[in-house]
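What follows is the residue order along each chain.
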Amino acid sequence: QMISQGWKYFKENFYYFSRVSKTWYSAQQFCKSRDSHLTSVTSESEQEFLYKTAGELVHWIGLTKTGSEGDWYWVDDTPFDKVQSMRFWIPGEPNNAGNSEHCANLKMSSLQSWNDASCDSHFLFICKRPYNPQEL
Ligand code: 2F8
Ligand code: CA
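Report on the accompanying structure. These numbers come from a predicted model, not from an experiment.

### With respect to the site of ligand 1
(1) Moving on: Around ligand 1, the neighbouring residues are Glu93, Asn95, Glu101, Lys107, Asn115 and Asp116.
(2) Moving on: Within the side chain of Glu93, a nitrogen or oxygen atom sits 2.6 Å from an oxygen atom of ligand 1.
(3) Moving on: Separating an oxygen atom of ligand 1 from a backbone N or O atom of Asp116 is a distance of 3.0 Å.
(4) Moving on: For ligand 1, the protein covers 47% of the area, taking 400 Å² as the surface of the free molecule.
(5) Moving on: Here the residues of the shell around ligand 1 are counted per class, giving no nonpolar, two polar and four charged.

Here is the structure:
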(Lines give C-alpha, C1' and ligand atoms only; values in the text may rest on other atoms or scores of the structure.)
(Ligands and ions follow the chains in the order given, each with its own letter.)
Protein backbone atom coordinates (compact mmCIF):
# COMPACT_ATOMS: atom_id res chain seq x y z
CA GLN A 1 0.00 0.00 0.00
CA MET A 2 1.39 3.37 -1.03
CA ILE A 3 0.88 6.36 1.26
CA SER A 4 2.06 9.43 -0.63
CA GLN A 5 5.84 9.22 -0.66
CA GLY A 6 7.51 12.55 0.09
CA TRP A 7 4.32 14.09 1.50
CA LYS A 8 3.77 14.89 5.17
CA TYR A 9 0.38 14.30 6.77
CA PHE A 10 -1.18 16.93 9.05
CA LYS A 11 -4.86 17.19 10.01
CA GLU A 12 -6.57 15.75 6.92
CA ASN A 13 -4.10 17.16 4.37
CA PHE A 14 -0.80 16.12 2.80
CA TYR A 15 1.97 18.71 2.36
CA TYR A 16 4.93 18.63 0.00
CA PHE A 17 8.02 20.67 0.92
CA SER A 18 10.03 21.17 -2.27
CA ARG A 19 13.79 20.86 -2.46
CA VAL A 20 14.08 23.06 -5.54
CA SER A 21 13.29 26.74 -5.99
CA LYS A 22 10.75 28.04 -8.50
CA THR A 23 8.89 31.25 -9.27
CA TRP A 24 5.49 31.47 -7.58
CA TYR A 25 3.58 30.62 -10.77
CA SER A 26 5.87 27.78 -11.73
CA ALA A 27 5.61 26.38 -8.19
CA GLN A 28 1.81 26.47 -8.42
CA GLN A 29 1.99 24.70 -11.81
CA PHE A 30 4.12 22.00 -10.20
CA CYS A 31 1.62 21.58 -7.35
CA LYS A 32 -1.26 21.33 -9.84
CA SER A 33 0.60 18.58 -11.72
CA ARG A 34 0.52 16.66 -8.41
CA ASP A 35 -3.22 17.19 -7.75
CA SER A 36 -2.50 19.94 -5.24
CA HIS A 37 -2.11 23.71 -4.87
CA LEU A 38 0.38 25.96 -3.16
CA THR A 39 -0.74 25.76 0.47
CA SER A 40 -3.37 27.86 2.17
CA VAL A 41 -3.04 28.61 5.90
CA THR A 42 -6.24 28.84 7.89
CA SER A 43 -5.37 28.12 11.53
CA GLU A 44 -2.65 28.73 14.08
CA SER A 45 -1.92 25.01 14.30
CA GLU A 46 -1.50 24.76 10.52
CA GLN A 47 0.75 27.83 10.51
CA GLU A 48 2.80 26.26 13.33
CA PHE A 49 3.13 22.96 11.46
CA LEU A 50 4.29 24.81 8.33
CA TYR A 51 6.88 27.12 9.87
CA LYS A 52 8.34 24.37 12.04
CA THR A 53 8.71 22.04 9.07
CA ALA A 54 10.04 24.80 6.80
CA GLY A 55 12.68 25.81 9.34
CA GLU A 56 14.69 28.87 8.30
CA LEU A 57 14.18 28.34 4.56
CA VAL A 58 11.84 30.69 2.67
CA HIS A 59 8.91 28.87 0.99
CA TRP A 60 6.17 30.17 -1.30
CA ILE A 61 2.60 29.70 -0.06
CA GLY A 62 -0.60 29.91 -2.10
CA LEU A 63 -1.39 33.56 -1.37
CA THR A 64 -1.43 36.12 -4.18
CA LYS A 65 -3.31 39.21 -5.30
CA THR A 66 -6.01 39.81 -7.88
CA GLY A 67 -4.22 41.98 -10.45
CA SER A 68 -1.39 44.14 -9.12
CA GLU A 69 -3.27 46.14 -6.49
CA GLY A 70 -6.10 43.74 -5.73
CA ASP A 71 -7.02 41.87 -2.59
CA TRP A 72 -5.16 38.81 -1.33
CA TYR A 73 -6.71 35.41 -2.13
CA TRP A 74 -5.83 31.73 -1.67
CA VAL A 75 -5.08 29.95 -4.92
CA ASP A 76 -6.82 26.76 -3.66
CA ASP A 77 -10.07 28.78 -3.40
CA THR A 78 -10.15 28.81 0.41
CA PRO A 79 -11.77 32.16 1.35
CA PHE A 80 -9.11 34.60 2.61
CA ASP A 81 -9.96 35.91 6.09
CA LYS A 82 -8.10 39.23 6.28
CA VAL A 83 -8.73 39.74 10.01
CA GLN A 84 -7.78 36.20 11.10
CA SER A 85 -4.72 36.30 8.84
CA MET A 86 -3.21 39.58 10.13
CA ARG A 87 -1.37 37.74 12.92
CA PHE A 88 0.63 35.67 10.42
CA TRP A 89 2.38 38.53 8.61
CA ILE A 90 5.83 39.63 9.75
CA PRO A 91 5.36 43.02 11.49
CA GLY A 92 5.54 45.69 8.76
CA GLU A 93 4.42 43.27 6.03
CA PRO A 94 2.90 43.16 3.52
CA ASN A 95 4.72 46.29 2.35
CA ASN A 96 4.55 45.79 -1.43
CA ALA A 97 8.21 46.87 -1.69
CA GLY A 98 8.99 48.55 -5.01
CA ASN A 99 5.28 48.28 -5.79
CA SER A 100 6.04 44.82 -7.16
CA GLU A 101 5.33 42.29 -4.39
CA HIS A 102 2.16 40.36 -5.24
CA CYS A 103 2.90 36.87 -3.88
CA ALA A 104 3.46 35.70 -0.31
CA ASN A 105 5.99 33.41 1.28
CA LEU A 106 6.77 31.92 4.66
CA LYS A 107 10.01 33.66 5.53
CA MET A 108 10.55 33.20 9.29
CA SER A 109 10.34 30.21 11.61
CA SER A 110 7.74 31.97 13.74
CA LEU A 111 3.98 32.49 14.01
CA GLN A 112 4.49 35.88 12.35
CA SER A 113 6.23 34.66 9.25
CA TRP A 114 4.63 35.87 6.02
CA ASN A 115 6.26 38.32 3.65
CA ASP A 116 5.05 39.61 0.31
CA ALA A 117 7.69 39.30 -2.40
CA SER A 118 8.05 39.51 -6.17
CA CYS A 119 6.25 36.56 -7.80
CA ASP A 120 9.24 36.22 -10.18
CA SER A 121 11.65 35.45 -7.34
CA HIS A 122 12.75 31.84 -6.93
CA PHE A 123 11.98 30.17 -3.60
CA LEU A 124 11.25 26.71 -2.25
CA PHE A 125 7.50 26.06 -1.98
CA ILE A 126 4.84 24.04 -0.17
CA CYS A 127 2.01 22.15 -1.91
CA LYS A 128 -1.12 20.97 -0.05
CA ARG A 129 -3.76 18.46 -1.01
CA PRO A 130 -6.68 17.00 0.92
CA TYR A 131 -6.06 13.45 2.02
CA ASN A 132 -8.13 10.76 0.41
CA PRO A 133 -9.71 8.39 2.99
CA GLN A 134 -8.56 5.47 0.82
CA GLU A 135 -4.90 6.43 1.40
CA LEU A 136 -4.71 6.28 5.22
O1 2F8 B 1 12.73 44.38 5.28
C2 2F8 B 1 11.68 43.65 4.74
C3 2F8 B 1 11.86 43.52 3.25
O4 2F8 B 1 13.04 42.78 3.00
C5 2F8 B 1 13.33 42.56 1.62
O6 2F8 B 1 13.55 43.80 0.96
C7 2F8 B 1 14.77 44.41 1.34
C8 2F8 B 1 12.18 41.83 0.97
N9 2F8 B 1 12.48 41.66 -0.45
C10 2F8 B 1 12.51 40.44 -1.01
O11 2F8 B 1 12.28 39.42 -0.39
C12 2F8 B 1 12.83 40.40 -2.47
C13 2F8 B 1 10.88 42.60 1.15
O14 2F8 B 1 9.80 41.89 0.62
C15 2F8 B 1 10.66 42.79 2.64
O16 2F8 B 1 9.48 43.52 2.83
CA1 CA C 1 7.53 42.54 1.52
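### Brief notes about the nonpolar core
(1) Moving on: Formed by 18 residues in total, the largest nonpolar core has its most connected members in Leu50, Ile61, Leu63 and Trp114.
(2) Moving on: Broken down by secondary-structure element, the contributors of at least two residues to this core are strand E2 (13–17), helix H2 (44–54), strand E4 (59–65), strand E5 (72–74) and strand E6 (103–106).
(3) Moving on: If you tally residues by element for this core, the top one is H2, at four residues.
(4) Moving on: Those residues in contact with Leu50 that sit more than four places away from it in its chain are Tyr15, Phe17, Thr39, Ser40, Val41, Leu106 and Ile126.
(5) Moving on: Among the nonpolar cores identified, the runner-up in size contains 13 residues, and Trp7, Ala27, Cys31 and Cys103 belong to it.

Reading the values: the criteria
Residues numbered from 1 in each chain as written. Chains lettered and ligands numbered in written order. Predicted model: local features only at pLDDT ≥ 70, side-chain atom pairs only at ≥ 80, totals over all residues. Heavy atoms only, no water. Near = heavy atom within 4 Å. Polar contact = N/O pair within 3.5 Å; in protein donor to acceptor, adjacent residues only side chain to side chain. Areas by Shrake-Rupley, 256 points an atom, 1.4 Å probe, with all protein chains shown as cover. Nonpolar A, V, L, I, M, F, W, Y, C, P; charged D, E, K, R; others polar. Core = buried A, V, L, I, M, F, W, Y, C linked by side-chain atoms within 4.5 Å. Buried < 20%, exposed > 50% of the residue type's maximum accessible area, 1.4 Å probe, protein only. Helix = DSSP H or I, 4+ residues; strand = E, 2+ residues; numbered from the N terminus. Contact = heavy atoms within 4.5 Å.

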